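Chain and residue survey
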Amino acid sequence: MRNYLINLSIYCNGDYRKMEMMLSKLMSVPKYKVCTNAITIMDKDYPIRLLDLESPPLVLYYRGDTSLLNLPSAGVIGSRKPSAYAVRMTEKLVRKISKGLVIVSGLAYGIDSVAHKAALNEKTIAVLGCGIDVYYPKAHQSLQDKIHCIISEYPNGREPRKHHFPMRNRIISALSDSLYIMAAEIRSGTITTVDEAVKINRDIICLPHNIDERAGAGCNHLIGDGASVLTNI
């Protein structure tokens, strides 16, 4: 069954809904050369927190130290175009909390990459919306190669697609014991990650922003809805 799940993942290019449908009918799929760098939902080292999801990934491809996936962690995410204030506070926060927590983020421009860089002297996990052998964004190739654990539910060679990122975001939310939102617009991928985190009872902590700052409007909105406020580092 384990090999079937990996073959199914490769055949479906990691498309969860297609995999779910085919699995329910046990439809046959071609046999591929099975990757050794894959964890299935049947494996004992599968990250237990992902089982909190309504739709936990069936297969995860990885590079690096997968033991980090089950350690205490914090997600640190936010806008791709944060203010200098948000960048500065993210660096300070991550340098502090990464001494006891694995930092989880999505390797995007902005807050994600700031968080990963600030955690390189400790431990950090990046969740991708493409194959782990694909560099996206390409400008982050050097950073991606330094990150301690890279995971994705998309098989090698799969390029990023717009609809991959909401699926990626649910993994970030589930892997995080708490989720720090350091910058966010009202409508953004960051907010979809928060939505997933709320469903599975993760703590949400937001950095407050000036009321005229668009890149922080989502944070202030979440605080108004009851998220915890980050008041000191």
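Residues numbered from 1 in each chain as written. Predicted model: local features only at pLDDT ≥ 70, side-chain atom pairs only at ≥ 80, totals over all residues. Heavy atoms only, no water.

1. Here's the deal with the packing of aromatic side chains
To describe a pair of aromatic rings, you give the distance between the ring centres and the angle between the ring planes. Counted under the stated rule, the structure contains one aromatic pair. Ring geometry for Tyr136 against Phe165: centres 6.0 Å apart, planes inclined by 40 degrees, an arrangement best described as tilted. Here the residue Tyr136 occupies a position in the loop between strand E5 (124-127) and helix H5 (141-146), and Phe165 occupies one in helix H6 (residues 164-175), the gap between them amounting to 29 residues. Sitting above the plane of the Tyr16 ring, Arg170 keeps its charged end 5.3 Å from the centroid. (Phe/Tyr/Trp six-rings, centres within 6.5 Å; stacked < 30°, edge-to-face > 60°. Helix = DSSP H or I, 4+ residues; strand = E, 2+ residues; numbered from the N terminus. Lys NZ or Arg CZ within 6 Å of the ring centre and 35° of its normal.)

2. Let's talk about the pairing of strand E3 (residues 73-77)
Counting buried positions along E3 yields five of five residues, so the element is predominantly enclosed. Alternating positions in E3 separate into two faces, Ser73, Gly75 and Ile77 on one and Ala74 and Val76 on the other, with burial throughout. Note: E3 against strand E4 (residues 102-105), three bridges, orientation parallel. Along E4, the bridge assignment pairs Ala74 with Ile103. One crossover worth recording links E3 to the parallel E4 by way of helix H3 (residues 84-97), and it is right-handed. (Buried < 20%, exposed > 50% of the residue type's maximum accessible area, 1.4 Å probe, protein only. Pairing = 2+ DSSP bridges. Right-handed = clockwise from strand over helix to strand, strands pointing away.)

3. Looking at the pairing of E5
Side chains Thr124 and Ala126 of E5 all project onto a buried face; the interleaved residues Ile125 and Val127 project onto the opposite face, where all are buried too. Summarising the sheet, E4 and E5 pair through three bridges and their orientation is parallel. When the bridges of E5 are listed, Ser105 appears paired with Ala126. Each parallel crossover has a hand, and the one from E4 via helix H4 (residues 111-118) to E5 is right-handed. In this fold, E5 hands off to H5, which returns the chain to strand E6 (residues 149-152); that crossover is right-handed.

4. Some remarks on the pattern of salt bridges
Considering all chains together, one arrives at eight salt bridges under this definition. The residue Asp52 makes a salt bridge to Arg202 at a minimum N-O spacing of 2.9 Å. Note that Asp52 is positioned in the loop between strand E1 (38-40) and strand E2 (59-64) and Arg202 in the loop between helix H7 (189-199) and strand E8 (203-206), a separation of 150 residues in sequence. Taking relative accessible area as the criterion, Asp52 reaches 42% and is therefore assigned partly exposed. On the accessibility criterion, Arg202 (12% relative accessible area) is buried. (Salt bridge = Lys/Arg side-chain N within 4 Å of Asp/Glu carboxyl O.)

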